[in-house]
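Next come the chains, spelled out residue by residue.
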Amino acid sequence: MESRMTITCIKDLQRLARRRVPKMFYDYADSGSWTESTYRANESDFARIGLRQRVMVDMDNRSLATRMLGEEVSMPVALAPTGLTGMQHADGEMLAARAAANFGVPFTLSTMSICSIEDVAEVSSRPFWFQLYVMRDKDYISRLIDRAKAAQCSALVLTADLQIIGQRHKDLINGLSVPPRPTVATALNLATKWRWCAGMMRTQRRTFGNIAGHVKDADNLSSLSKWTASQFDPSLSWDDIKWIKDKWGGKLIIKGIMEPEDAEMAVRAGADAVIVSNHGGRQLDGAPSSISALPDIVSAVGSSTEVHMDGGIRSGQDVLKAVALGAKGVYIGRAFLYGLGAKGEQGVTQTLEIIQRELDTTLALCGLRDIHDVNHRVLREGTYPLAGSASLWASSTRSTE
Ligand code: GLV
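Residues numbered from 1 in each chain as written. Predicted model: local features only at pLDDT ≥ 70, side-chain atom pairs only at ≥ 80, totals over all residues. Heavy atoms only, no water.

Comments concerning the overall build of the chain
Then comes step 1: On a plain count of helices and strands, the chain comes out with 16 helices and 10 strands.
Then comes step 2: The C-alpha radius of gyration computed for the chain amounts to 21 Å, which stays within 12% of the reference 21 Å derived for 401 residues, consistent with globular compactness.
Then comes step 3: The principal-axis extent of the C-alpha atoms belonging to the chain is close to 60 × 55 × 40 Å.
Then comes step 4: Here the chain holds 401 residues, and 56% of them are scored as buried.
Then comes step 5: Counting only contacts in the chain whose residues sit at least 6 apart along the sequence, the fraction spanning at least 24 positions is 73%.
Then comes step 6: As presented, the chain carries roughly 17,600 Å² of accessible surface, and 53% of it is formed by carbon and sulfur atoms. (Helix = DSSP H or I, 4+ residues; strand = E, 2+ residues; numbered from the N terminus. Rg over C-alpha atoms; globule rule 2.2 N^0.38 Å. Buried < 20%, exposed > 50% of the residue type's maximum accessible area, 1.4 Å probe, protein only. Contact = heavy atoms within 4.5 Å. Areas by Shrake-Rupley, 256 points an atom, 1.4 Å probe, with all protein chains shown as cover.)

A word on the confidence of the model for the chain
Then comes step 1: In this model, the chain carries a mean pLDDT of 94, and residues with pLDDT of at least 70 account for 94%.
Then comes step 2: Low pLDDT, under 50, characterises residues 397-401; the stretch is placed with zero contacts to residues that sit more than four places away or in other chains. (pLDDT = per-residue confidence, 0-100.)

Considering the packing of helix H4 (residues 92-103) against helix H15 (residues 334-365)
How two helices pack is summed up by the angle between their axes together with the distance between the axes.
Then comes step 1: Between H4 and H15, the shortest axis-to-axis distance is 10 Å and the interhelical angle comes to 15°. Relative to H15, the element H4 is oriented roughly parallel. The handedness of the crossing between H4 and H15 is right-handed. Every residue of H15 that contacts H4 at Gly92, Leu95, Ala96, Arg98, Ala99, Ala100, Asn102 and Phe103 is listed here: Phe336, Leu340, Gly344, Glu345, Val348, Thr349, Leu352, Glu353 and Gln356. (Axes fitted to C-alpha atoms, helices over the stretch in contact; angles between N-to-C directions. Parallel < 35°, antiparallel > 145°, perpendicular 65-115°, else oblique. Left-handed = near helix turned anticlockwise from the far one by under 90°.)

Points about the pattern of salt bridges
Then comes step 1: Applying the stated criterion across every chain, the model contains 17 salt bridges.
Then comes step 2: Taking the shortest distance from any N to any O, the salt bridge between Arg18 and Asp30 comes out at 3.7 Å. Of this pair, Arg18 sits in helix H1 (residues 10-20) while Asp30 sits in the loop between helix H2 (23-29) and helix H3 (37-48), and the two are 12 residues apart along the sequence.
Then comes step 3: Residues participating in the shared-partner salt-bridge network are Asp91, Asp119 and Arg205. (Salt bridge = Lys/Arg side-chain N within 4 Å of Asp/Glu carboxyl O.)

Considerations on the pairing of strand E10 (residues 329-332)
Then comes step 1: A two-sided burial pattern is seen for E10, the buried positions comprising Gly329 and Tyr331 on one face and Val330 and Ile332 on the other.
Then comes step 2: Where strand E3 (residues 77-79) lies against E10, three bridges are found, and the strand directions are parallel. Residue pairing across strands places Ala78 opposite Tyr331, the latter belonging to E10.
Then comes step 3: By the bridge criterion, three bridges tie strand E9 (residues 306-310) to E10 in an arrangement that is parallel. Considered in E10, the bridge of Asp310 is made with Tyr331.
Then comes step 4: Handedness of the β-α-β unit built from E9, helix H14 (residues 316-324) and E10 comes out right-handed. (Pairing = 2+ DSSP bridges. Right-handed = clockwise from strand over helix to strand, strands pointing away.)

Some details on the site of the ligand
Then comes step 1: All residues adjacent to the ligand are Tyr28, Tyr133, Arg168, His279 and Arg282.
Then comes step 2: Within the contact set of the ligand, an oxygen atom lies 2.5 Å away from a side-chain nitrogen or oxygen of Arg168.
Then comes step 3: A distance of 2.7 Å is found between an oxygen atom of the ligand and a side-chain nitrogen or oxygen belonging to Arg282.
Then comes step 4: Taking 190 Å² as the accessible area of the ligand by itself, protein coverage stands at 90%.
Then comes step 5: Classifying every residue of the shell around the ligand by side-chain character gives two nonpolar, one polar and two charged. (Near = heavy atom within 4 Å. Polar contact = N/O pair within 3.5 Å; in protein donor to acceptor, adjacent residues only side chain to side chain. Nonpolar A, V, L, I, M, F, W, Y, C, P; charged D, E, K, R; others polar.)

Let's talk about the pairing of strand E7 (residues 252-257)
Then comes step 1: With six of six residues buried, E7 lies mostly within the body of the structure.
Then comes step 2: As judged from the four bridges shared by strand E6 (residues 155-159) and E7, these two strands associate in the parallel manner. Paired with Val157 across the strands is Ile253, a residue of E7.
Then comes step 3: Regarding topology, helix H12 (residues 260-268) serves as the crossover connection from E7 to the parallel strand E8 (residues 273-276), and that connection is right-handed.

A word on the sheet that holds E8
Then comes step 1: On the basis of which strands lie adjacent, the open sheet formed by eight strands has the order E3-E10-E9-E8-E7-E6-E5-E4 and parallel pairing. Strands with a single pairing partner mark the edges of an open sheet, and in this sheet they are E3 and strand E4 (108-109).
Then comes step 2: Across two bridges, E4 lies against strand E5 (residues 129-132) in parallel orientation. Note on E5: the bridge partner recorded for Leu109 is Phe130.

What to know about the side chain of Ser33
Then comes step 1: With respect to the helices and strands, Ser33 occurs in the loop between H2 and H3.
Then comes step 2: Judged by relative accessible area, which is 0%, Ser33 ranks as buried.
Then comes step 3: Those residues within four positions of Ser33 in sequence are excluded, and the remaining contacts are Gly166, Gln167, Arg168, Gly281, Arg282, Gln283, Leu284 and Asp285.

Quick look at the packing of H14 against H15
Then comes step 1: The geometry of H14 relative to H15 is characterised by a closest axis approach of 7 Å and an angle of 55° between their N-to-C directions. Overall, the two elements H14 and H15 adopt an arrangement that is oblique. Our pair here, H14 against H15, has a crossing hand that is right-handed. Within the contact between the two elements, H14 uses Gly316, Gln317, Val319 and Leu320 and H15 uses Ile355, Glu358, Leu359, Thr362 and Leu363.
Then comes step 2: Residue classes in the contact of H14 with H15 are distributed as five nonpolar, three polar and one charged.

Below you can see the structure in the form of C-alpha cells.
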C-alpha cells in the first residue's frame, strides 16, 4: 500500500522510514553513543542559531551552485558515508549514489557498505568519493585503495575518529547483525516490514560488499563480523597518512576533526579538506556539536584548506547556517538515510529536493541571491558561536597555570 502521508520536510521522511525499516537498522542510523548528548546537540545547536530577515532587495535569479574540492555541485551538500546503507533499503548505496549523481552532488561510499565499490561504480554517472577506515590488515587497505582508484573515485575520505567504536546502547539491545540473526524478536519485527523483505529477497547484496570475498578467512558471516570487530586499527596516527596519501595519489579529505590543533595536524599531513565531525554523535559522547566547533577550525585552517562539516543537518536552513560560519560544504547522513528507508531512490531525491528548496527560500528571505554571498552577517548576533573562542580559552588556561 502506498503511503498517503504528505511529505513536507525531513521529519516526515524520518517517520515513514521508522515504519518501513526493520527496527535494528532504523535504530542503528538513528542513534548516538552512550547518553546521546552530542547526537542531540548536533541538531539543537543549529536550532538556536537565528537568521536576519532582509526585505525589498532583488531576490530574482538565485544560485546555489558552487564547488566542493574543485567539483561542481548543484548546492554545497554531499551525501555522507554511512555504514550498512544497503540495510536501510535493498541496494541502498547504489540507489543513493544514483540519486546524488542525478542531482549533481557527491556521494560518499563507506568502507562498511553493503554494495561494493564496483557495484556503485556501475550505476553512478558521476565519480563518487570513497570513505576509508584504516584497518590493521594493511594489504587489505592497499587493495581497497586500488579498487577505489580503479572505480575512478575522485576523493578519498579518511575517517580519523573511529579507531575504537563508541558504544551505542540501542545496537547492543537490538543485537545488531548483518544480515539480521533469526531471533523471535527479529522475525516478529520483519513480519511487519514486507516492503523491506521483498527488496532483500530480490537482491544478493546482504553483507559487507567491500570485505566479503576480499579477505582471507572472512567469507562467512560469523568470521566476517569477528574480523571487522578485530580490524579497526587503534594505533592509527598522523604518520600513517603519508603512505595512504602516496598510495592514493588523489584528493584526500580527513574526517572527524573537532579541534583546531587536529585541523592543523591534518593540513600538515597533506589533507586537501577536513570535515568537522563528531561522527554524528556516535563516538565521543560529550564532544561539542559540530556546528559549534566549526568557527574555530575555519579560523585555524580555513584560509588554506577547505573546511566541510557534518552532524545535525536536517534542513536547508542548517546548510545555510553552516555555510555562514565558514563551511565550504556539508554532508547529510541521517537525512538521506530516512529518505532511502522511506522510499528508496525516490526518497533520496526527495531529501535533496527538500533541502534545496529550504536552502533556496532561506537564501532569498535573508536578502541574498548567490550562495557565495552567504557569510556570518545573515546570522543574528549572539545566537551563534564566535570564531576565536578556542584561542581565548587557550590564553585563559595558560594564564591560570
Ligand atoms: C560507522 O561508521 C558507524 O558509525 O556505525
